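# Survey of secondary and tertiary structure
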Amino acid sequence: MPEFEHSLTMRASADQVFDFIADVRNMPRYLPTTKSAQPQGDDRVRLPGEARGHRYDADGWVRRLADRNRLEWGADEGYYSGWLEAREDGDGQTRVTVHLRIDGAPPGAGEHYAPPERVREGLEAGLRSIQQQVEGTGGKVEPSAATDSHGADQRMNG
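Residues numbered from 1 in each chain as written. Predicted model: local features only at pLDDT ≥ 70, side-chain atom pairs only at ≥ 80, totals over all residues. Heavy atoms only, no water.

This brings us to the sheet that holds strand β3 (residues 44-51). What the 7 strands build is an open sheet, ordered β1-β7-β6-β5-β4-β3-β2; its pairing is antiparallel. The strands lining the two open edges of the sheet, one partner per strand, are β1 (3-10) and β2 (38-39). In terms of strand pairing, strand β4 (residues 54-65) meets strand β5 (residues 70-75) through 6 bridges, oriented antiparallel. Opposite G60, over in β5, you have A75 as the bridge partner. Sheet strands touched by helix α3 (residues 116-135): β1, β6 (80-90) and β7 (93-102). Its angle to β1, the strand with the most contacts, is close to 25°. (Pairing = 2+ DSSP bridges. Helix = DSSP H or I, 4+ residues; strand = E, 2+ residues; numbered from the N terminus. Contact = heavy atoms within 4.5 Å. Axes fitted to C-alpha atoms, helices over the stretch in contact; angles between N-to-C directions.)

Below, the discussion takes up the pairing of β4. As paired elements, β3 and β4 share 8 bridges and run antiparallel to each other. Note that in β4 the partner of V45 across the bridge is G60.

Take the packing of aromatic side chains next. Counted under the stated rule, the structure contains 1 aromatic pair. Summarising the aromatic geometry, the rings of F20 and Y30 are spaced 5.8 Å apart at their centres and angled 45° between planes, so their arrangement reads as tilted. In this pair, F20 is assigned in helix α1 (residues 14-22) and Y30 in helix α2 (residues 27-30), connecting sequence segments 10 residues apart. Each member of the pair F20 and Y30 is classed as buried. (Phe/Tyr/Trp six-rings, centres within 6.5 Å; stacked < 30°, edge-to-face > 60°. Buried < 20%, exposed > 50% of the residue type's maximum accessible area, 1.4 Å probe, protein only.)

Any region with low pLDDT has predicted coordinates that should not be read closely. Considering every residue of the protein chain, the mean pLDDT works out to 84; 83% of them sit at 70 or more. Low confidence marks residues 149-158, where pLDDT is under 50. Its contacts with residues over four positions away, or in another chain, come to 36 contacts. (pLDDT = per-residue confidence, 0-100.)

Turning to the pattern of salt bridges, a few remarks are in order. Under the defined criterion, the tally for this structure stands at 12 salt bridges. Across the pair R63 and E72 runs a salt bridge whose closest N-O atoms are separated by 2.7 Å. Its relative accessible area of 41% is what places R63 among the partly exposed residues. In this structure, E85 engages R68 in a salt bridge whose closest nitrogen and oxygen atoms are separated by 3.8 Å. Of this pair, E85 sits in strand β6 while R68 is found in the loop between β4 and β5, placing the two residues 17 residues apart along the sequence. Using a relative accessible area of 7% as the deciding quantity, one classes E85 as buried. (Salt bridge = Lys/Arg side-chain N within 4 Å of Asp/Glu carboxyl O.)

Here it is as structure tokens:
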């Protein structure tokens, strides 16, 4: 199944970026299409949202690896998983990389999952959202998947 990866350099420390992404309450501030995040214990989260005119409500796991400034996650049903890692890049900058693996479609979506260009757009929007917030230059960036109601239902949350 497809795997995607995208990186972006930010003017913030790796610890600052990790502290932001590892706080489950911040997930709606950077995950495309996610409307809220409800912690369900230390390693569980519920993510309701809307993508392309279709509502979703997903439960999943999340793992914080603070010693590596890395966040890992996945859907309970196993149709996607991923990680996001922040590494110091010198001169007060951090290289943030997100990796997503799609192993099928969300329950009820049939055999359809987001086209590759939509997934890439979602990863880029998520990283830009993190960048703008840790740098203090803006807020959440929503990809077209958040508003486009054409085509198959998709989830770009990772």
